[in-house]
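Fold and contact review
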Amino acid sequence: MKKYLLLFLFSQITFAQTDARLYEIIQSVSSKRIEVDVRTLASFETRNTFSDTISNKRGIGAARRWIKAEFEKVSKECNNCLDVFYQKDFVTTNDGERVPKDTWIVNVAAIQKGTKFPNRYIIMTGDIDSRNSDTMDYTDAAPGANDNASGMAGTIEAARVLSKYQFENSIIYLGLSGEEQGLFGGKGFAEFAKKNNWEIIGVLNNDMIGNIEGVDGVIDNRTFRIFSEPTSITDTEKEQKNRRFYGGEVDGISRQLARYIHKLTTMYMPEMNPMLVYRLDRFGRGGHHRPFNDLGYAGVRIMEAHENYNRQHQDIRTENGIHYGDVIEGVNFDYANKLTAVNAITLASLAWSPTEPKNVMIGGIVEANTKLKWEKPNDDSIIGYKIYWRLTTSPQWENSRFVGDVDFYELKGIVIDNYYFGVAAVSKNGHESMIVFPKDIIRNTFKRN
């Protein structure tokens, strides 16, 4: 009887389809506030990692103090719901070719603690620093309006909006430094998280979310890219070997995070066109999600679809009638608003989501049915589990079945050879965890011929 009651309750959640709070969050994001923040960050003239740290009007020191003050203002308005602090690491000229002098790499973090699982974190990042044509030039103007005041402003705005809600899991709003010199800020904070034994659900790295006019001549205020690596670099030798025989070459945790964002966007913001890019980052380039990936955390890069290289990493100038430089005029604040909203609903959905099933396994070799087995996490908000499957050539999960509060299920008539499978936990509020791809097989489920 209990089983059928749970299935009935879940069917009511399914019919509702969406969480009205996520629509409220989308509507609460403000283009005007984002514009004010982008203009403020650009007004510091340069935010080069090695620029002035003493002035209150110019340089990265003034910028990071202003960001911290904004987070503290948000915290004050939500009854001190944010823990705001600096996290820093020291780098020297021996740490890279782009380090002209020894300095502190200072990140600004604001943590909104979860009410139930405070040690589980979903992170949104923006970069504090900027650069001009010569990344070693830390004195000349480098306003960095789109790269990356847009991402930093979006992160602050997400904090303003989401601080009005309470979540079971924790959210971190994070400003990272040293990106242009070698991803130093992300590396330092990822190591800080590892040292403190944080469980990171995922990292949303926002780097350039304000440009709609591409150097290719395309103007597009709907499409954005989600970059994700296929599998984790920290996978064990056994896990790598298993992929050769069982599949999963495009089913790492970062790829599941990317699919989660894609699905959520198409559901709540159908006017947007999320574009999954099966690559760590742009060709041969890198972003601040990579240091988290390097330590085994799920992380993706969210950014505009059509870049304008005349406005990236360029001294402000005009040559042959072409305007160069990363200035305010290159930022579309309504577009930055939309991508901020994509981040905000993803943060909220994952912060409201249940704990993922553990140790998911699969079986069904030379059988007509596919079997899935998993361990239930210690989470009383879970109403049951949902099995997903798709053709091996499909980029997105195509089929699903809610199977109730069980830890084993057999999909009859679904042959294991033809599909990829995954399992997600479903909470009483209707939110789902990220899908977990099985990494091992259920033994002794078949007889060899």
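Residues numbered from 1 in each chain as written. Predicted model: local features only at pLDDT ≥ 70, side-chain atom pairs only at ≥ 80, totals over all residues. Heavy atoms only, no water.

Here the focus is the overall build of the chain. In terms of helices and strands, the chain carries 11 helices and 17 strands. By the compact-globule yardstick of 22 Å for 449 residues, the chain fits well, its C-alpha radius of gyration being 23 Å. Projected onto its principal axes, the C-alpha coordinates of the chain cover approximately 70 × 45 × 45 Å. Across the 449 residues that make up the chain, the buried fraction comes to 58%. Across the chain, contacts joining residues at least 24 apart in sequence account for 75% of those joining residues at least 6 apart. Within the structure as shown, the chain displays about 19,400 Å² of accessible surface, and the carbon and sulfur contribution to it stands at 50%. Distance between charge centroids for the chain: 6 Å, based on 56 positive and 58 negative side chains. (Helix = DSSP H or I, 4+ residues; strand = E, 2+ residues; numbered from the N terminus. Rg over C-alpha atoms; globule rule 2.2 N^0.38 Å. Buried < 20%, exposed > 50% of the residue type's maximum accessible area, 1.4 Å probe, protein only. Contact = heavy atoms within 4.5 Å. Areas by Shrake-Rupley, 256 points an atom, 1.4 Å probe, with all protein chains shown as cover. Lys, Arg positive; Asp, Glu negative; His and termini not counted. Charge placed at Lys NZ, Arg CZ, Asp CG, Glu CD.)

Two elements, strand β11 (residues 358-363) and strand β12 (residues 370-375), share 4 bridges in a ladder whose sense is antiparallel. From the neighbouring strand, K358 faces β12, where its bridge partner is E375. Bridge count between β11 and strand β17 (residues 440-441): 2 bridges; the pairing is parallel. Its bridge partner lying in β17, I362 is registered against I441. (Pairing = 2+ DSSP bridges.)

Another point: the sheet that holds strand β14 (residues 399-404). Strand order in the open sheet made by the 3 strands is β14-β13-β16, with antiparallel pairing throughout. Two strands lie at the open edges of the sheet, namely β14 and β16 (419-427), each paired on one side alone. Here the strands of the sheet are splayed against their neighbours by 25 degrees on average, with no regard to which way each runs. Taken together, the 5 bridges between strand β13 (residues 382-391) and β14 define a ladder with antiparallel strand orientation. (Axes fitted to C-alpha atoms, helices over the stretch in contact; angles between N-to-C directions.)

Strands in a sheet are paired, the pairing made by backbone hydrogen bonds, and the direction either parallel or antiparallel. With mixed pairing, 4 strands are arranged side by side in an open sheet as β15-β12-β11-β17. Looking along the sheet, the strands with just one partner apiece sit at the ends: β15 (408-411) and β17.

For the rest of this paragraph, the subject is the state of the cysteines. If you walk through the whole model with that rule in mind, you get 1 disulfide. Between C78 and C81 runs a disulfide, and the two sulfur atoms are separated by 1.9 Å. Classification of the bridge connecting C78 and C81 rests on its S-S torsion, roughly -85 degrees, and on that basis the disulfide is left-handed. Residue C78 is classed as buried on the basis of its relative accessible area of 14%. C81 sits in the partly exposed class, given a relative accessible area of 24%. (Disulfide = S-S within 2.5 Å.)

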